[in-house]
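An overview of the molecular structure
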Amino acid sequence: MDAGTAGSPSRGRLHVDVRVHGGSAVLTPAGELDYHTAEVLREPLERCIAGGRSRLVLDCSRLEFCDSTGLNVLLGARLKAEADGGGVHLAGLQPVVARVFEITGAEAVFSLHDTLEAALVE
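Residues numbered from 1 in each chain as written. Predicted model: local features only at pLDDT ≥ 70, side-chain atom pairs only at ≥ 80, totals over all residues. Heavy atoms only, no water.

With that settled, consider the pairing of strand β2 (residues 14-21). Bridging between β2 and strand β3 (residues 24-33) involves eight bridges; their strand directions are antiparallel. Counterpart to valine 18 in the pairing with β3 is leucine 27. The antiparallel pairing of β2 with β3 creates a hairpin that spans two residues between the two strands, and glycine 22 there sits at a positive phi of about 60°. (Pairing = 2+ DSSP bridges. Helix = DSSP H or I, 4+ residues; strand = E, 2+ residues; numbered from the N terminus.)

What follows deals with the pattern of salt bridges. Inspection of every chain in the model, using the stated rule, returns four salt bridges. When the shortest N-O distance is used, the salt bridge between glutamate 46 and lysine 80 registers 2.9 Å. Here lysine 80 lies in helix α2 (residues 68-83) and glutamate 46 lies in helix α1 (residues 38-50), a separation of 34 residues in the sequence. On the basis of relative accessible area, lysine 80 is assigned to the partly exposed category, the value being 40%. Residue glutamate 82 pairs with arginine 78 through a salt bridge whose shortest N-O separation is 3.0 Å. (Salt bridge = Lys/Arg side-chain N within 4 Å of Asp/Glu carboxyl O. Buried < 20%, exposed > 50% of the residue type's maximum accessible area, 1.4 Å probe, protein only.)

Geometrically, a pair of aromatic rings is defined through the distance of the ring centres and the angle of the planes. Scanning all chains against the criterion turns up one aromatic pair. An angle of 75° between the planes, with centres 5.6 Å apart, marks the rings of phenylalanine 101 and phenylalanine 110 as edge-to-face. By relative accessible area, which is 1% here, phenylalanine 101 ends up buried. The class for phenylalanine 110 is buried, based on a relative accessible area of 6%. (Phe/Tyr/Trp six-rings, centres within 6.5 Å; stacked < 30°, edge-to-face > 60°.)

Moving on to the environment of glycine 70. Looking at where glycine 70 falls in the secondary structure, it is placed in helix α2. For the pair glycine 70 and leucine 41, spaced 29 residues apart in sequence, the C-alpha to C-alpha distance is 8.4 Å.

Okay, the nonpolar core next. One finds Leu27, Leu41, Leu45, Leu56 and Leu58 to be the most contacted residues of the largest nonpolar core, which totals 29 residues. For this core, the secondary structure elements donating two or more residues are β2, β3, α1, β4 (55-59), β5 (63-66), α2, β6 (87-91) and α3 (95-104). Ranked by the residues each element gives to this core, the list is headed by α1, at six residues. With near-sequence residues (within four places) excluded, leucine 45 lies in contact with Leu27, Leu56, Leu58, Val73, Leu74 and Ala77. Core analysis: the next-biggest nonpolar cluster, separate from the first, contains six residues, Val57, Ala91, Leu116 and Leu120 among them. (Core = buried A, V, L, I, M, F, W, Y, C linked by side-chain atoms within 4.5 Å. Contact = heavy atoms within 4.5 Å.)

So, on to α3. Buried residues of α3: Val97, Val100 and Phe101, and no others. Along α3, the residues classed as buried sweep out an arc of 95° about the axis, all on the same side. Of the exposed residues in α3, the ones pointing more than 90 degrees away from its buried face are Pro95 and Ile103. In this structure, the buried residues of α3 make contact with β5, α2 and β6. Looking at the residues trailing α3, positive phi occurs at glycine 105, about 85°. (Arc of directions from axis to C-beta.)

Here it is in structure tokens:
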């Protein structure tokens, strides 16, 4: 399932692929997650939760940037997923994205995994 793209046709675009793996919804954001592209990720996250998939795994290996707006999207999804008995698992964070989580302390509230394979272990 293709969640679409937003932003400029070059830098700043975000694309999100969504698939199901066992009991998890696996979302793969590619590009930059910021104020201009946050809805491109928020919408499929919310659709997954509304559709009964509260275990969300994000393969962040292709996520090049994340600002505070993007972080808030992920934090909001975490709260909704946990309220439904699930959670948000982040896998393969690039150093620039991992740094945002480290600086803000958000790494303490997410399940972080080195690889997608590790995050898919239920």
